[in-house]
Amino acid sequence: MLGAAGLVLLALFLAYADASFTSYRLQLVSLVAINAVVAIALTVTSGYTGVFSLGQIGFFGIGAYVGALLTIAPKWKAPRVLPGLPEWLAGFDTTSWPPQLALLLACLAAGVVAAAVAVVVGLPLMRLSGHYVAVATLGFLIIVNAVLINWASVTRGARGLNQIPSHTTTWVAFAWVIVAIYAALRLRSSPYGRAMLAQRENLLAARGIGISILPTRLLAFVFGAFFTGAAGALLAHQIGAVAPTLFSFTTTFTVVIMVVLGGLGSVSGAVVGAAIMTLAPEFLREVEGGFTIGAIQVGAHHGLAQIILAVGFILVMIFRPTGLFGDRELGVAFLSRRPPNFDAQGADESLTPIVDAGVDAVPEDTRN
Amino acid sequence: MSPTLALHDVHVLYGAIQAVKGISLEVRERELVALIGANGAGKTTTLRTISGLFRPRTGTIVYDDRDLTKLDAHDIVGLGVAQSPEGRQIFGSLSVRENLMLGATRRGRNADLGADLERVFALFPVLKERLGQAGGTLSGGEQQMLAMGRAMMAKPRLLLLDEPSLGLAPLMVGRIFEVIARLKAEGVTILLVEQNARKALEVADRAYVMETGHIALSGDARTLAANPDVEKAYLGGAAAAGQPAKGAARA
């Protein structure tokens, strides 16, 4: 019900945006969606499992380049430009395809390649925990960056790739958001998702009930890589050019902030975090140019936007340390539910009424 | 008939400390065996080693003709050995239902979990009322019930219970032991680790007394309960005094 209403509202908004927004604003709307997909992916990879990955943007970069190389017209990827490309890819021509079909192929291929890389990278890395996995995944990001810069015969090095057709529309970008939300929530309520949360919560107990830790974490890592890779292809076809600098530490931390701000583990939080982190700098840019409140005049101060944003994060982290949503989801229950009170020691036993065993205790609904 | 579980000369290091120094014990089918002893005797380490959470330095743990020391924890659960761990270790932010479903992790996709949930509710009706609640919001006694219910969801052939009465009020301790007796009557094979020796010896068929990593005494539960040494060390007020001490250490 709530989901259907949300979809209708989203469609109305996108139709309105198409009709009346400037192309710059439309691009911002698409960027919100692309960032939301990445943030949802990181919510699964890190939020569900507690395995903090700083390598997510590596998959973003892989996806962007894979998607771009598929749809760039053959004349821009001919051997004299990109001598390292295999012949079939250099000649692969989607210019006569319907743009959305070409984009779909680019996104799926980008997702699959990123997921395949995630299997290889994740097999050793998902055995690590805590700070070690954060540092190791950061190492992966550095490797991706180094490859993008130095494998010039395929990536054009630091100059990056351009002439990427602008296939990404706000509609397609939000379609990916919806698919990502749906997949993440389905995963959350499946046995695999439960296993991810369980091992995050208590590793020893999770192993004790028979959860196999490596495959559980690897699934979350690969899931995140697929959607991040697809989002990378969306980004490439949104801005028309990609360069290694797009897939840097700065981008990594921006996405981490989106997820932590929204609430690590909450899919809705990731979407809200992505929207705030994409739009707030734009709005604050106007503030930077100077403004007037009543009699007080504030002149132009460069860097003011970042300071305001940073103070905002600090305030959120002080007053809502688990982010805006914690690990709960936006919904009817969210509005009426109190936050759970974690009482590890348990309440006073003597006050708990002990209900006697009822033979007629039949569950109405025993499965999710 | 060969025993369901047999430990032979098992040594376990816990960090640099040798927590278990060559113990041997047996649990036969449909038997309730208690492992009692003071805090730090190595009881929990022994159970966790059986479950594959710790690796023994030497020794064999044979369950159904297979050496568990060669298997991973998840495979051991898959063979039907489930544990309700010390300190309950429930998943606090997950719902009671999710905690229970997680107990059935190794049961495969087509397992009939409905009937098993019903069985858990019959043992612990309060869990049914709390299904949608986060596990962390339950009282200590309810969390203990949840931990045992979660272990039951694995449909174990051998149930390992680690300190089920630890930190609970006397009324709740009685309730938990009633359930243990009922599980035994239903034919579940149980290895029970307890500091509350008096209660444990009341329900058990046989018992082993552990002291600083060794088996000090073993035998029929009634005989042990009447043994003057056991009475002096573990029953004569020790059960009452020892329990809050451990609770206080962890608070």
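Residues numbered from 1 in each chain as written. Chains lettered and ligands numbered in written order. Predicted model: local features only at pLDDT ≥ 70, side-chain atom pairs only at ≥ 80, totals over all residues. Heavy atoms only, no water.

Some points on the overall build of chain B
Reasoning step 1: Each helix and strand counted, chain B has 11 helices and 10 strands in total.
Reasoning step 2: Here the C-alpha radius of gyration of chain B, 17 Å, is about what a compact globule of 251 residues would show, namely 18 Å.
Reasoning step 3: Its C-alpha atoms give chain B principal-axis dimensions of about 45 × 40 × 35 Å.
Reasoning step 4: When burial is assessed residue by residue, chain B has 59% of its 251 residues classed as buried.
Reasoning step 5: If you sum the accessible surface of chain B, you get close to 9,600 Å²; carbon and sulfur atoms cover 50% of it. (Helix = DSSP H or I, 4+ residues; strand = E, 2+ residues; numbered from the N terminus. Rg over C-alpha atoms; globule rule 2.2 N^0.38 Å. Buried < 20%, exposed > 50% of the residue type's maximum accessible area, 1.4 Å probe, protein only. Areas by Shrake-Rupley, 256 points an atom, 1.4 Å probe, with all protein chains shown as cover.)

As for the packing of aromatic side chains
Reasoning step 1: A complete count under the given rule lists 13 aromatic pairs over all chains for this structure.
Reasoning step 2: With a centroid separation of 6.2 Å and 75° between ring planes, the pair formed by A:Trp176 and A:Phe227 is classed as edge-to-face. With A:Trp176 in helix α8 (residues 170-189) and A:Phe227 in helix α11 (residues 213-239), the pair connects residues that are 51 residues apart, well separated along the chain.
Reasoning step 3: On the basis of relative accessible area, A:Phe227 is assigned to the buried category, the value being 7%.
Reasoning step 4: Here B:Tyr14 and B:Phe54 contribute two aromatic rings whose centre-to-centre distance is 5.4 Å and whose plane-to-plane angle is 70°, an arrangement assigned as edge-to-face. (Phe/Tyr/Trp six-rings, centres within 6.5 Å; stacked < 30°, edge-to-face > 60°.)

Focus: the sheet that holds strand β10 (residues 214-220) of chain B
Residues and elements named next belong to chain B.
Reasoning step 1: Reading across the sheet, the six strands line up as β6-β7-β8-β3-β9-β10 and stay open at both edges, with mixed pairing between neighbours. This sheet does not close on itself; its edge strands, each paired only once, are β6 (81-84) and β10. For this sheet, the mean inter-axis angle between neighbouring strands, taken without regard to orientation, is 15°.
Reasoning step 2: Inspection of the sheet shows strand β3 (residues 32-37) paired to strand β9 (residues 206-211) by five bridges, in the parallel sense. In the strand pairing of β9, Val 33 is matched with Arg 206.
Reasoning step 3: Its contacts with the sheet place helix α7 (residues 170-185) against β3, β7 (158-162) and β8 (189-194), and it is angled at close to 155° to β8.
Reasoning step 4: Its contacts with the sheet put helix α10 (residues 228-235) on β3, β9 and β10, and the angle it makes with β9 is roughly 65°. (Pairing = 2+ DSSP bridges. Axes fitted to C-alpha atoms, helices over the stretch in contact; angles between N-to-C directions. Contact = heavy atoms within 4.5 Å.)

Some details on the pairing of β7(B)
Residue and element names in this part refer to chain B.
Reasoning step 1: By the criterion of burial, β7 is predominantly enclosed, with five of the five residues buried.
Reasoning step 2: Covered by surrounding structure in β7 are Leu 158, Leu 160 and Asp 162 together with Leu 159 and Leu 161, the residues of both alternating faces.
Reasoning step 3: Where β6 and β7 come together, four bridges link them in parallel fashion. In the sheet register, Val 81 faces β7, and the bridge partner there is Leu 158.
Reasoning step 4: As paired elements, β7 and β8 share five bridges and run parallel to each other. Along β8, the bridge assignment pairs Leu 161 with Leu 192.
Reasoning step 5: Between β7 and its parallel partner β8, the chain crosses via α7, and the hand of that crossover is right-handed. (Right-handed = clockwise from strand over helix to strand, strands pointing away.)

Section: the sheet that holds strand β4 (residues 58-63) of chain B
All names here are of chain B.
Reasoning step 1: Judged by pairing direction, the sheet is antiparallel, and its four strands sit side by side in the order β2-β1-β4-β5 without closing on themselves. Looking at strand neighbours, the two that pair on one side only are β2 (17-27) and β5 (66-67), the edges of this open sheet.
Reasoning step 2: Strand direction decides the pairing type here: β4 and β5, joined by two bridges, are antiparallel. Considered in β5, the bridge of Tyr 63 is made with Arg 66.
Reasoning step 3: Where helix α1 (residues 43-50) meets the sheet, it contacts β1 (5-14), β2 and β4, and its direction lies at approximately 115° from that of β1.

So, the confidence of the model for chain A
Close inspection of predicted coordinates is inappropriate for parts of the model with low pLDDT.
Reasoning step 1: The pLDDT averaged across chain A works out to 87; a share of 89% of its residues lies at or above 70.
Reasoning step 2: Note that residues 335-368 of chain A has pLDDT below 50 and, in this model, 69 contacts with residues that lie over four places away or in other chains. (pLDDT = per-residue confidence, 0-100.)

Here we look at α11(A)
Residue and element names in this part refer to chain A.
Reasoning step 1: If you check α11, its first and last C-alpha atoms are 39 Å apart, about what 27 residues at 1.5 Å a residue would give, namely 39 Å.
Reasoning step 2: In terms of burial, α11 is largely enclosed, as 22 of its 27 residues are buried.
Reasoning step 3: Phi for Gly 240, located one or two positions after α11, is positive at around 80°. (Expected span 1.5 Å × (residues − 1).)

Digging into the packing of helix α13 (residues 267-288) of chain A against helix α14 (residues 304-319) of chain A
Residue and element names in this part refer to chain A.
Reasoning step 1: One way to put it is that α13 packs onto α14 with a least axis distance of 8 Å and a crossing angle of 135°. Considering their axes alone, α13 and α14 lie oblique with respect to each other. The two elements α13 and α14 meet at a crossing, and its hand is right-handed. Residue-level inspection shows Met 277, Ala 280, Pro 281, Leu 284, Arg 285, Val 287 and Glu 288 of α13 in contact with α14, the latter providing Leu 304, Ala 305, Gln 306, Ile 308, Leu 309 and Phe 313.
Reasoning step 2: Classifying every residue of the contact of α13 with α14 by side-chain character gives 10 nonpolar, one polar and two charged. (Parallel < 35°, antiparallel > 145°, perpendicular 65-115°, else oblique. Left-handed = near helix turned anticlockwise from the far one by under 90°. Nonpolar A, V, L, I, M, F, W, Y, C, P; charged D, E, K, R; others polar.)

Remarks on the pattern of salt bridges
Residues and elements named next belong to chain B.
Reasoning step 1: In this structure the tally under the stated criterion is 15 salt bridges over all chains.
Reasoning step 2: In this structure, the salt-bridge partner of Glu 163 is Lys 43, at a minimum N-O distance of 3.8 Å. Here Glu 163, found in the loop between β7 and α7, pairs with Lys 43, found in helix α1; they are 120 residues apart in sequence, far enough to count as distant. This pair shows no difference in class: Glu 163 is buried, exactly as Lys 43 is. (Salt bridge = Lys/Arg side-chain N within 4 Å of Asp/Glu carboxyl O.)

Some remarks on unusual backbone geometry
Reasoning step 1: The backbone of A:Arg156 shows a phi angle near 60°, a positive value even though the residue is not glycine.
Reasoning step 2: The backbone phi angle of B:Lys155 is positive, close to 50°, even though this residue is not glycine.
Reasoning step 3: You can see B:Lys155 is positioned in the loop between α6 (140-152) and β7.
Reasoning step 4: Overall, B:Lys155 belongs to the partly exposed group, its relative accessible area being 48%.

Overview of the pairing of β9(B)
Strand residues, when the strand is regular, have side chains that alternate between the two faces of the sheet.
Residue and element names in this part refer to chain B.
Reasoning step 1: Counting buried positions along β9 yields five of six residues, so the element is predominantly enclosed.
Reasoning step 2: Pairing analysis gives six bridges linking β9 to β10, with the strands arranged antiparallel. If you follow Met 210 over to β10, its bridge partner there is Ile 215.
Reasoning step 3: Here β9 hands over to β10 after two residues, with Thr 212 in that stretch at a positive phi of 35°.

Quick word on a nonpolar patch on the surface
Reasoning step 1: Together, A:Ile307, A:Val311, A:Ile314, A:Leu315, A:Ile318 and A:Phe319 give the surface a local cluster of nonpolar side chains, amounting to about 620 Å² of exposed area.
Reasoning step 2: Looking at the element boundaries, A:Phe319 is found in helix α14. (Patch = residues over 30% accessible without salt bridge, like charges linked within 9 Å, V, L, I, M, F, W, Y side chains within 5 Å.)

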